[in-house]
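Architecture at a glance
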Amino acid sequence: MAAAAGAEASRGKCAAHAIAVIAIVVGLPLWWKTTETYRASLPYSDINELDSLSLILTVPVEIVFAKGVLSVEQLRKMPSSNLLDRSSKLNLKTTYKRRYEIKYRRATPQEEEALGGPSLQGCDEALYQLDKGTQGSLTVYVIPESSTLLPQGIGVSIGKHRTAVMESLHLPSLRVEEVLAVVNKKAETIVQAMCFNDDAIMAALSDRIPIGQFTKEAYADSRRAFKSSPGYEITFSLLNPDPKSHDLHWNIQGAVDGYIQPFLDKLAPVANVSVDSQILYYAVLGVTPRFDKASSGYILNAHSLPHVINPIEARLGSSAASLYPVLNFLLYVPEYSHSPLYIKDHDGIPVVTNAFHSPRWGGIMVYNVDYSEEQERVLPVHVDIDMVKVMEVFLTQLRLLFGISKVSIPADFHMESPGNEVLSDWELDRLLWTRTVENIATVTTTLTSLAQLLDQIGNIVINDNVASEVYRAVSAVQLAMSHLENGMLEFAFQASKEAITSSEKAFFDPSLLHLLYFPDDQKFAIYIPLFLPMAVPILLSLLKTAKEYKQRRKEPAKED
């Protein structure tokens, strides 16, 4: 019986030991592994490198010398290419370098024929037909002083496309080194006008630069234009606060087709833009105009304009239902009792266009109705709105809100008007330069913020989808920077769009919030009540076994 009892006790101890070993060696790691937060690996080292942004913006420039500009000896000694670098350090983590890859050559017979034309417009079109150029590239033609192509007092003419014509400036009397210095300096000024300058790049990098570093122009540009987006929505609204007095008619479809659509077609590489329109009745301003005896009309002062938007915006109802930024353009016909209505600037001078724009929102134009004595007796007055006058104002505001601002040029520069095309090729390129840099800066900031967040809060789930989007964004932004360095603007912009799309998908992925408030102490609080009933007997059995083992070791010592 004693032997049987001893064997039974031995089996019990072995079973307890086996259960304890399985629970500790297998169960505990398995539980820890199955309850841990899944975190896919991320390219933290690459993201840290992107945090210190260093851009190289390469502009391919071709300088073409027409016949008679240089002597045979100068042409023989002229190098085929040159490289100019201009570095700018904005802060410890943001630098950029302007690189001009300049190539020199003689004009072809076809180009000579185009440069000998009677007008700059014809010359520009003829040169464009010979070589349309690639996005981001420029061609500067140097013509002799004897040429009559440039008007008196004009040293440089910038066309509608990607070409400029420059006067030779006594080049035949200079040494080759002096010729290069003069031509390169002038070409650099042309590049800053047609591609980008420091203010434009600073505005594009506004998220990474303290406000104190901005010039007045750069700060205004960075706050006025809408941020880069894959799409935009434009809404034209006709506000008729007094339908009893005004029967308004506007040909918005014809105006959009004739004025806005050519501009949007030109902007197609930048973003997809949709247009809609609406008429709102009884929509009044948020402020009461002040009567002015001098003009026998009503006045809206500049300080009251910000209060105009909020009450009207509540009636628009378009931004809340849109996935993309909405540009609002409002045509306001004042009430009969407040007509005519004029807008005055901060100096008290009437605004010529009788309109104003709000940064990153849109624009408002006040359209006054001219009443005759006969019309005043018969209300409502039938009004056919002059859409040419209206669209000229809205198109100017639209260019500003897209970041296409007026370029500062020297006094001897001349710029061709884009005409019916609304947007010059080089203006589109200038927008692509700034949008690409802005996208890259936004992506690096987004990825850096995401990496810091995930590093600080270790219990956030990082699933494979988030990781793949992060890897895709890092790869795309690196590719965009590489394309910029190689002077391939079109490909750089496309890569930057892909990068910003992937980075935002990763940053705003809903899965990142699932376990945001589920730390390890809550894990133990949940599972300990489940494991405790099983763990207590195992621990007591182990303690009992340890106690018996200790007693057995003492007994031989007593017998000795």
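Going by the structure above, here's the rest.
Now for a description of the structure that goes with this document.

Conventions we followed
Residues numbered from 1 in each chain as written. Predicted model: local features only at pLDDT ≥ 70, side-chain atom pairs only at ≥ 80, totals over all residues. Heavy atoms only, no water. Helix = DSSP H or I, 4+ residues; strand = E, 2+ residues; numbered from the N terminus. Rg over C-alpha atoms; globule rule 2.2 N^0.38 Å. Buried < 20%, exposed > 50% of the residue type's maximum accessible area, 1.4 Å probe, protein only. Lys, Arg positive; Asp, Glu negative; His and termini not counted. Charge placed at Lys NZ, Arg CZ, Asp CG, Glu CD. Salt bridge = Lys/Arg side-chain N within 4 Å of Asp/Glu carboxyl O. Pairing = 2+ DSSP bridges. Axes fitted to C-alpha atoms, helices over the stretch in contact; angles between N-to-C directions. Contact = heavy atoms within 4.5 Å. Polar contact = N/O pair within 3.5 Å; in protein donor to acceptor, adjacent residues only side chain to side chain. Core = buried A, V, L, I, M, F, W, Y, C linked by side-chain atoms within 4.5 Å. Arc of directions from axis to C-beta. Parallel < 35°, antiparallel > 145°, perpendicular 65-115°, else oblique. Left-handed = near helix turned anticlockwise from the far one by under 90°. Nonpolar A, V, L, I, M, F, W, Y, C, P; charged D, E, K, R; others polar. Phe/Tyr/Trp six-rings, centres within 6.5 Å; stacked < 30°, edge-to-face > 60°. Lys NZ or Arg CZ within 6 Å of the ring centre and 35° of its normal.

Here we come to the overall build of the protein. Looking only at helices and strands, the protein has 16 helices and 17 strands in total. Whereas a compact globule of 560 residues would reach a radius of gyration of roughly 24 Å, the protein reaches 36 Å, over 25% beyond that. Overall, the protein is about 125 × 85 × 40 Å in size when its C-alpha atoms are taken along their principal axes. The 560 residues of the protein split such that 46% are buried. Once the 51 positive and 64 negative side-chain charges of the protein are each reduced to a mean point, those two points are 10 Å apart.

Enumeration according to the criterion identifies 19 salt bridges in this entry. For Glu62, the salt bridge is made with Arg105, and the minimal N-O distance between the two is 3.0 Å. Here Glu62, found in strand β1 (residues 53-65), pairs with Arg105, found in strand β3 (residues 94-106); they are 43 residues apart in sequence, far enough to count as distant. A salt bridge links Glu178 to Arg175, with the shortest nitrogen-to-oxygen separation between them at 3.4 Å. Note on Glu178: relative accessible area 31%, which makes it partly exposed. Salt bridges here are not isolated pairs; linked through shared partners, they connect Arg86, Arg98, Glu188 and Asp198.

Moving on, we come to the sheet that holds strand β2 (residues 81-91). Strand order in this open sheet of seven strands is β2-β3-β1-β4-β6-β5-β17, and the pairing throughout is mixed. Each edge of the sheet is formed by a strand with only one pairing partner; in this case those strands are β2 and β17 (413-415). Ignoring strand direction, the axes of neighbouring strands in this sheet form an average angle of 20 degrees. Relative to strand β6 (residues 163-167), strand β4 (residues 138-143) runs parallel, the two being bridged by five bridges. Among the inter-strand pairings, Val140 is bridged to a residue of β6, identified as Ala164. Against the sheet, helix α13 (residues 425-456) touches β1, β5 (156-158) and β17, its axis set at about 165 degrees to β1. Across the sheet, helix α14 (residues 464-485) touches β1 and β3, and the angle it forms with β1 is around 30 degrees.

What follows is about the side chain of Glu438. Turning to its location among the elements, Glu438 is positioned in helix α13. A polar contact is formed between the side chain of Glu438 and the backbone nitrogen of Ser228, at a distance of 2.9 Å. Once residues within four sequence positions are removed from consideration, Glu438 is found in contact with Ala204, Lys227 and Ser228.

Counting 133 residues, the largest nonpolar core has Ile63, Phe65, Phe236 and Phe263 as the members making the most contacts within it. Contact partners of Phe65, with chain neighbours within four places excluded, come to Leu70, Met78, Tyr104, Arg105, Arg106, Ala107, Val142, Leu171 and Val183. Membership of the second largest hydrophobic core comes to 20 residues, among which are Ala283, Tyr298, Val308 and Ile312.

The linkage connecting Ser339 with the following residue, Pro340, adopts the cis geometry, with an omega of -10 degrees. Its identity as a non-glycine residue notwithstanding, Tyr282 has a phi of 60 degrees, on the positive side. By the secondary structure assignment, Tyr282 is in the loop between β9 (272-281) and β10 (290-292). Phi at Arg360 takes a positive value of approximately 55 degrees, unusual for a residue other than glycine. Relative to the assigned elements, Arg360 resides in the loop between β14 (355-358) and β15 (362-366).

In this section: the pairing of strand β8 (residues 246-249). Burial of β8 is one-sided: the residues His246 and Leu248 facing one way are buried, the residues Asp247 and His249 facing the other way are not. In this sheet, strand β16 (residues 381-384) lies alongside β8 in parallel orientation, the contact comprising four bridges. The residue of β16 that forms the bridge with Asp247 is His382.

For the rest of this paragraph, the subject is helix α5 (residues 120-130). Residues of α5 that are buried include every one of Leu120, Cys123, Asp124, Leu127 and Tyr128, and no others. Along the long axis of α5, the arc covered by the buried residues comes to 135 degrees, so they all point the same way. In this structure Ser119 caps α5, since a side-chain oxygen of it lies 3.2 Å from the backbone nitrogen of Gly122.

Further remarks concern the environment of Ser339. Within the secondary structure, Ser339 is located in the loop between β12 (326-332) and β13 (341-343). Put simply, Ser339 and Ser424 are 85 residues apart on the chain and 39 Å apart in space, counted from C-alpha to C-alpha. Beyond its immediate stretch of four places on either side in the chain, Ser339 contacts Tyr298, Pro334 and Tyr371. Among the polar contacts listed, one links the side chain of Ser339 to the backbone oxygen of Pro334, at a separation of 3.5 Å. A polar contact is formed between the side chain of Ser339 and the backbone oxygen of Glu335, at a distance of 2.6 Å.

This part is about the packing of helix α2 (residues 44-51) against α13. Running from amino to carboxyl end, α2 crosses α13 at an angle of 130 degrees, the nearest separation of the two axes being 9 Å. Between α2 and α13, the interaxial angle falls into the category oblique. Judged by the sense of rotation from one axis to the other, the crossing of α2 with α13 is left-handed. Facing Tyr44, Ile47, Leu50 and Asp51 of α2, the residues of α13 in contact are Thr444, Leu447, Thr448, Ala451 and Leu454. Residues that form the contact of α2 with α13 fall into these classes: six nonpolar, two polar and one charged.

A few words on the packing of aromatic side chains. In this structure the tally under the stated criterion is 10 aromatic pairs. Taken together, a centroid distance of 6.5 Å and an interplanar angle of 20 degrees make the contact between Phe65 and Tyr104 stacked. Pair noted here: Phe65 is in strand β1 and Tyr104 is in strand β3, with a separation of 39 residues, a long-range link. For Tyr104, a relative accessible area of 8% gives the class buried. Judged by centre distance (6.4 Å) and plane angle (80 degrees), the ring pair of Phe226 and Tyr232 falls under edge-to-face. You can call Tyr232 buried: its relative accessible area is 1%. The rings of Phe226, Tyr232, Phe263 and Phe402 are connected pair by pair, giving a single aromatic cluster. Lying across the ring of Tyr128, Lys132 places its NZ or CZ 5.2 Å from the centre.

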